[in-house]
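Structural description and commentary
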Amino acid sequence: MVPGKASDCGSTGRDNRLFVDAVLWIARTSSPWRDLPDAFGNWNSVYVRFSRWAKQGAWESLFKALVDDPDFEYLIIDSTHCAGTSTCVGRKRGTQNQAIGRSRGGLTSKVHIAVDGLGNPLRFILTGGQVGDVTQAEELIADVAGANLIADTAYDADHLRARLNDAGIVAVIPSNPSRAQAIPYDAELYKERHLVECYINKIKHFRRIATRYEKTATAYMAMTVSCRCHHLAPITVNRT
């Protein structure tokens, strides 16, 4: 599933597990690439390889392999803001092309997440921090049918409810207080929304996800998706 295996043209990859471990160390500690411990190898080689995998979609391939058997008893969606730093801005093509926007917290990116009934991630979408949650809902639930969709009031919109009804998906979404008449929902099932909050909390333990340092959206999404591999390559080298 990754570039550089024996069946590929050219040289084969050396110790893929150690390389993934190095990327996870960077993600967990938010350290600069130059501070990567020598035990992981040359920092520049690791960075170049990470960038190459990101551009080739290798991280996405790994992610899809890990979510090939989701539990669609219900689907839960939400989003989280990730603060940007001075290192993630300054590209000539502008910040909006790299999913960086200005919101109340300043320059931020927003990660939209869908998890299954077990709390495992199914889909990520990266946008600028000013983008509304409901605008990304249809893409998050694409190709899903016959499930229960659990979401908070930010997703209470007539067009989304109509889309869910057409797909045979039951909307477990509380009504926005601005509605003249509240729409009934399953309050007991809505309690399962904590699963997406728990996952967001989990990935934000990776400090390079909670705070964005990557200039390009491709690199930041690759860093986010790579954290799904944390149980495949445990971090074994201390920062010291």
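Our structure is the block above this text.
Within every chain, residues take consecutive numbers counted from 1 along the sequence as written. Residues qualify for local features only when their pLDDT is at least 70, as the model is predicted, and side-chain atom pairs are given and counted only at 80 or more; totals for whole chains, interfaces and linings, by contrast, use all residues. Note: side-chain values were computed over all heavy atoms of the structure, leaving out hydrogens and water.

Focus on the overall build of the chain
The helix and strand tally for the chain stands at 9 helices and 7 strands. Counting over 240 residues, the chain shows a buried share of 48%. Of the contacts formed within the chain by residues at least 6 apart in sequence, a portion of 61% connects residues at least 24 apart. Every accessible area reported is derived by Shrake-Rupley at a probe size of 1.4 Å, with residue values counting cover from the shown protein chains alone. For the chain, the exposed area adds up to about 12,400 Å²; of that, 49% sits on carbon and sulfur atoms. Only runs of H or I of at least four residues qualify as helices and only runs of E of at least two qualify as strands under DSSP, and these elements are numbered from the N terminus. Per-residue accessibility, obtained with a 1.4 Å probe over protein chains only, is compared with the maximum for each type, and a residue is labelled buried under 20%, exposed over 50%, and partly exposed between these values. Throughout, a contact is declared for two residues whenever any of their heavy atoms are within 4.5 Å.

Some words on the environment of Tyr-213
Looking at the element boundaries, Tyr-213 is found in the loop between strand 7 (211-212) and helix 9 (217-226). For the pair Tyr-213 and Thr-87, spaced 126 residues apart in the sequence, the C-alpha separation amounts to 5.6 Å. Those residues within four positions of Tyr-213 in sequence are excluded, and the remaining contacts are Ser-30, Thr-85, Thr-87, Cys-88, Arg-207 and Arg-208.

Observations concerning the pattern of salt bridges
Salt-bridge detection follows one rule: a side-chain nitrogen of Lys or Arg within 4 Å of a carboxyl oxygen of Asp or Glu. Taken as a whole and judged by the stated rule, the model has 10 salt bridges. One salt bridge in this structure joins Asp-78 and Arg-193, with 3.0 Å as the shortest N-O distance. With Asp-78 in strand 1 (residues 74-84) and Arg-193 in the loop between helix 6 (187-190) and helix 7 (194-203), this residue pair connects regions lying 115 residues apart in the sequence. Of the charged contacts, one joins Asp-156 and Arg-179 as a salt bridge, the two residues approaching to 2.8 Å between their closest N and O atoms. Of this pair, Asp-156 sits in the loop between strand 5 (148-150) and helix 5 (158-166) while Arg-179 sits in the loop between strand 6 (170-172) and helix 6, and the two are 23 residues apart along the sequence. Each of Asp-78, Asp-152, Arg-193 and Glu-197 takes part in salt bridges that share partners, so that together they form one network.

Notes on the pairing of strand 1
Of all 11 residues making up strand 1, 8 are buried, and the element is well covered by its neighbours. Whether two strands pair comes down to DSSP finding at least two bridges between them. Bridge analysis of strand 1 against strand 3 (residues 106-115) gives 8 bridges, and the strand direction is antiparallel. Looking at the pairing, His-81 lines up with Lys-110 of strand 3. Of the strand pairs in this sheet, strand 1 and strand 7 are connected by 2 bridges, and their pairing is parallel. In the sheet register, Gly-84 faces strand 7, and the bridge partner there is Arg-212.

A look at the pairing of strand 3
Of all 10 residues that make up strand 3, 9 are buried, and the element is covered over most of its length. Note: strand 2 (residues 101-103) against strand 3, 3 bridges, orientation antiparallel. Residue pairing for strand 3: Arg-102 is matched across the bridge by Leu-107. Taken together, strand 2 and the strand that follows it, strand 3, pair antiparallel across an intervening segment of 2 residues. With 7 bridges connecting them, strand 3 and strand 4 (residues 121-128) associate as antiparallel partners. By the bridge assignment for strand 4, Val-111 is matched with Leu-126. Count of turn residues in the strand 3/strand 4 antiparallel hairpin: 5 residues, of which Gly-119 carries a positive phi of about 85 degrees.

Some details on unusual backbone geometry
With a phi angle near 60 degrees, Ser-30 is a residue other than glycine that sits in the positive phi range. Within the fold, Ser-30 resides in the loop between helix 1 (16-29) and helix 2 (43-56). Since its relative accessible area comes to 13%, Ser-30 is described here as buried. For Ala-99, which is not glycine, the phi torsion reads 60 degrees and is therefore positive. Along the polypeptide, Ala-99 turns up in the loop between strand 1 and strand 2.

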